[in-house]
Structure formats: structure tokens, C-alpha cells
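Listed below are the residues making up each chain.
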Protein chains: 2
Amino acid sequence: MSETLQTPRTTVRRLAGRGSYDRELIHGILDEAFICHVGFVAGGAPVVIPTIHWREGETLYFHGSAASRMLRSMRDGAEVCVTVTLLDGLVLARSAFHHSMNYRSAVVIGRAREVTGEEKLRALTALVEHVCRGRSAEVRPPNEIELQQTLVLALPIEEASAKVRTGGAVDDEEDHALPVWAGVLPLRTVPQEPIADVRLDPAVAVPEYVKHYTRRGR
Amino acid sequence: MSETLQTPRTTVRRLAGRGSYDRELIHGILDEAFICHVGFVAGGAPVVIPTIHWREGETLYFHGSAASRMLRSMRDGAEVCVTVTLLDGLVLARSAFHHSMNYRSAVVIGRAREVTGEEKLRALTALVEHVCRGRSAEVRPPNEIELQQTLVLALPIEEASAKVRTGGAVDDEEDHALPVWAGVLPLRTVPQEPIADVRLDPAVAVPEYVKHYTRRGR
């Protein structure tokens, strides 16, 4: 299997030095993100909708109501562009022009297929595991009616790219003399104190995977 | 001025009860987010690119290299769909099916125009203020060459919608008996310790707006 996911359509054009087509890097970005933005064309116009995604091997999964416009477009074979962005920090330079952001983004393009039968159940189990590793064995699995109401789609991760900026401010040489603070303000998505359901049995402890929440891909 | 930004094209279809067209709510979501995902159609196919945006009044601004494919598409009058998503928490239910997320998203659709002259300078100042209130007076403003290299675009916030989920898990009545932890794991974007530039003059203190970083819209 090729390690690169570069195709003419996924070649990064702007700041190409930040571009990468490395399978492992792209998988890591997809795994760490909670949501993606799915772009599709509806009646000639662009539509961008946020949704949760998850990955198993070389496949990106999506799900939702069988009545969803986005999922119906995807199921009917429309081309989609799925973009995931992790913001890592604000880069503050001595000049307005050189301000920037540290980020890792991934773009996957292609056409999805509907997932059914055994793969559908497996994919929905993997979704719970993606959100909280270990939780799928505890919760009530989907019943027949819930499965019918849920559409699961699979997009092969075959054409993709990543774009990454890291590091500090890059100022013009002469601007270093300015008495202006420069540097990076790192940003992180941090879990806060869990809030138990009002009807939770007090005998049920907060699971370890909630208490010490960590992301796959980190 | 109408308080609603609802049009047939911005009417939320899925889980319509979560939809809103309230100008103030939409502005607040746009202001709090660091990045948006801009969707446009290129050669019939959808493209979704992350970028920074900022708002002044009823206008959403974007900027970047004059060579950017996204900005060129926008400048040439292509229709765009700009989506912003703030993830507020993971909602863990007793059944796999009822897992959800708390979020606030906004979608703005329309066509952009290029910004020039005085408005361009004002918009770029507002961008620095959007990232760090108070910083625009400290940094070196853009020079003529930098202004020429930068394209600034304005999208009127006239057709838009928001979608918001808040609150706890909504489980089926009979599932409350299950001995499964349920609740919300809130997520926040949290600034970490600032990292000073390696060449920073040690006499330059960390500004208050970096030390106690807060977002407009919060």
C-alpha cells in the first residue's frame, strides 16, 4: 500500500511547504479531531455541515439520521470534501502581517458508500470507542429500530492531504528591534469536570475513561 | 434591521428545534471561533478550506495571499458557505444511540466582495484586535508591499443560521435503570502557558491580553 495519499486533486497549492500526504500523519489528525466539516454541492451551491467522523483503517465513517440531507447526498454518490482542523496556537509576530496560527488540518475527498449489515454494527461500535475507549461494552447497543433510523456511510481515505504549521513567529529581520512581545500562545481542547446526569444512580462511579479523558491520535 | 437571518436557503432542516436565526446569537458564535471552514465549488466539485475570519458589524471578513485559490474564487463572485463550529462537550448516554455532542454552529451563505483602500486597512487592524484586543496599537502595521500581497474579502451576514445543542443526555425511559454512567464531559479551548520568541528582548513583558487571554463573544 502506498504511503502517500497525494493526487493532482489533493496537492496543496498555497504554502506548499506546509503540505503533506503522509498516511500516518493524516490518520492521526482525523483521529484526534471530534468533528469534521463535510462539503458537498446541492443545486450547484456549496454546503458545509459539521458532523462527527471516525476512522477504521483506511475508511472514514459518518452517521446520522436517515433523513439527513448531507447523508443522502453522500449516499447518492455525490463527491464530498471532508476537512478537519486542529488549532494548536496563536502565533503573535512583531508585525501585523506575520501573525499566524499553528494548526494541523486534513482534507479527504471522494465518494462515500452506504454501510449495512455486520459492518454497520461494527462501525457504530467503533464510533462509541472513538469517543470513549472502553465504553461500547457498557452501553446498551442499538436495537433494530435505532439501526433503521441511522444511516452509516463510509468514505475511503484514498485521496487526501494534510497541512501543518508549527513553531514560532517568523518576523522580518529589522522588526526584531521593536519592543513588541512575540511568541506563541498554545491552545488546547481541555476536558472540564464531568457533569453527571441528574437521574444518575449515585452508586455508579465516573469511569476512568471520563475521569482521565484522552484522545486516540494524541 | 431585521433580527432574523432566516431565508429559505438557511432554514435548518435536521433537528429544526436546534435551529436559530437570531442575529446576536450568530454574531457571538462567529466572534468566539478562531477558524471557519469555507466551502466553495471548483470545477463542479466541493472544496472546504479552513481559515481565520473576523466580524465587524454585519460583515464577515477573510484574508490571505492574493494567490489563494479560495480567495480568488470568492473574489470572482462564487457563492460560498462559511461554517463555524464550537464544540462544548461530549454527551454520554446510557445507550449507544443517544450519545451526542453539545455544540454551537453557525452557517453564513452568500457572495463576497474585495475590500480595498481605507476599509482594507481598517479590516486588517480589526483582525489583529479580533485575535488580541489591544495589540493593533503595538505591532508594526502592514506596509505597501504587504498590503499588495494580502487579499481582503467581505461577506455580508445576511443569510445565516445557527444550530445549538445544550444540556444533558436524553435517554429512553427504560434505559435509566442501566448501571451506566451518563452525563456530559464539557470541553473548552484553553490557552496554555505563552512561549516567548527565542529572540525576544527579556525586557519586554508578556502583555495582559496574552497572560489573561479571553475571547470576544465569550
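Keep in mind that this is a model prediction, so the values were computed, not measured.

J.: Tell me about the side chain of Thr59 of chain A, residues and numbers included.
T.: Residues and elements named next belong to chain A. Its location among the elements puts Thr59 in strand β4 (residues 59-65). For Thr59, a relative accessible area of 17% corresponds to the buried category. Setting aside residues up to four positions removed in sequence, Thr59 forms contacts with Trp54, Ala154, Leu155 and Ile157.

J.: Outline the relation of the copies chain B and chain A, listing residues and values.
T.: Taken as rigid bodies, chain B and chain A are interconverted by a rotation of 180° and an axial shift of 0.0 Å, the fit giving an RMSD of 0.0 Å. As the rotation angle and translation indicate, the two copies are arranged about a two-fold axis. Residue Thr189 of chain B, judged by its C-alpha, is the member of chain B lying nearest the rotation axis, at 2.2 Å. Most of the interface of chain B is mirrored in chain A: 100% of its interface residues are interface residues there too.

J.: Give a detailed account of the confidence of the model for chain A, specifying residues and quantitative values.
T.: Do not read the predicted coordinates in detail wherever pLDDT is low. Mean pLDDT over chain A works out to 93, with 97% of the residues at or above the 70 mark. Predicted as a complex, the structure gets a pTM of 0.94 and an ipTM equal to 0.93.

J.: Got a sec to walk through the interface of chain B and chain A? Specific residues and values, please.
T.: Counting residues at the interface gives 81 residues for chain B and 81 residues for chain A. For the chain B and chain A pair, buried surface summed over both sides reaches about 6,900 Å², with 66% attributable to carbon and sulfur atoms. When the shortest N-O distance is used, the salt bridge between Arg140 of chain B and Asp175 of chain A registers 2.9 Å. Counting the contacts that link chain B with chain A gives 31 residue pairs in polar contact (both at pLDDT 80 or more). Broken down by element, the residue count for the side of chain B that touches chain A peaks at nine residues, all from strand β10 (residues 183-191) of chain B. Partitioned by chemical class, the residues of the side of chain B that touches chain A number 48 nonpolar, 17 polar and 16 charged. Judged from the five bridges that link them, strand β10 (residues 183-191) of chain A and β10 of chain B form a sheet pairing that is antiparallel. Note on β10 of chain B: the bridge partner recorded for Leu187 of chain A is Pro191 of chain B.

J.: Can you break down helix α1 (residues 23-32) of chain B residue by residue, with the values?
T.: All names here are of chain B. Of all ten residues in α1, eight are buried; the element is thus mostly enclosed. Of the residues making up α1, those classed as buried are Arg23, Ile26, His27, Gly28, Ile29, Leu30, Asp31 and Glu32. With a side-chain oxygen lying 3.2 Å from the backbone nitrogen of Glu24, the N-terminal cap of α1 falls on Asp22.

J.: Give a detailed account of the pairing of strand β6 (residues 100-111) of chain B, specifying residues and quantitative values.
T.: Two faces make up the sheet, and in a regular strand the side chains alternate between them. Residues and elements named next belong to chain B. Burial analysis of β6 places ten of its twelve residues in the buried class, the great majority of the element. Pairing between strand β5 (residues 79-92) and β6: twelve bridges, direction antiparallel. Following the sheet pairing, Thr83 is matched in β6 by Val107. Where β6 lies against strand β9 (residues 159-165), seven bridges are found, and the strand directions are antiparallel. Residue pairing across strands places Arg104 opposite Val164, the latter belonging to β9.

J.: Please give an account of the pairing of strand β8 (residues 150-156) of chain B that cites residues and values.
T.: All names here are of chain B. Within β8, six of the seven residues are buried, which leaves the element mostly enclosed by the surrounding structure. Pairing analysis gives seven bridges linking strand β4 (residues 59-65) to β8, with the strands arranged antiparallel. If you follow Gly64 over to β8, its bridge partner there is Leu151. Relative to β8, strand β7 (residues 113-115) runs antiparallel, the two being bridged by three bridges. Among the inter-strand pairings, Glu114 is bridged to a residue of β8, identified as Leu153.

J.: Please give an account of the environment of Arg72 of chain B that cites residues and values.
T.: Residue and element names in this part refer to chain B. The residue Arg72 is located in helix α2 (residues 69-75) in this model. Sequence-wise, Arg72 and Leu151 are 79 residues apart; in three dimensions their C-alpha atoms are separated by 8.7 Å. Beyond its immediate chain neighbours, meaning those up to four positions away, Arg72 contacts Ala66 and Ala67.

J.: Which residues make up the packing of aromatic side chains, and what values go with them?
T.: All names here are of chain A. Inspection of every chain in the model, using the stated rule, returns four aromatic pairs over all chains. Summarising the aromatic geometry, the rings of Phe34 and Tyr213 are spaced 6.3 Å apart at their centres and angled 20° between planes, so their arrangement reads as stacked. In this pair, Phe34 sits in the loop between α1 (23-32) and β2 (35-42) while Tyr213 sits in the segment after α5 (208-211), placing the two residues 179 residues apart along the sequence. Assessed through its relative accessible area of 11%, Phe34 is described here as buried. Overall, Tyr213 belongs to the buried group, its relative accessible area being 11%.

Parameters and conventions
- Residues numbered from 1 in each chain as written.
- Chains lettered and ligands numbered in written order.
- Predicted model: local features only at pLDDT ≥ 70, side-chain atom pairs only at ≥ 80, totals over all residues.
- Heavy atoms only, no water.
- Helix = DSSP H or I, 4+ residues; strand = E, 2+ residues; numbered from the N terminus.
- Buried < 20%, exposed > 50% of the residue type's maximum accessible area, 1.4 Å probe, protein only.
- Contact = heavy atoms within 4.5 Å.
- Least-squares fit on C-alpha atoms with pLDDT ≥ 70 in both.
- pLDDT = per-residue confidence, 0-100.
- Buried area = accessible area lost by both parts, 1.4 Å probe.
- Salt bridge = Lys/Arg side-chain N within 4 Å of Asp/Glu carboxyl O.
- Polar contact = N/O pair within 3.5 Å; in protein donor to acceptor, adjacent residues only side chain to side chain.
- Nonpolar A, V, L, I, M, F, W, Y, C, P; charged D, E, K, R; others polar.
- Pairing = 2+ DSSP bridges.
- Phe/Tyr/Trp six-rings, centres within 6.5 Å; stacked < 30°, edge-to-face > 60°.

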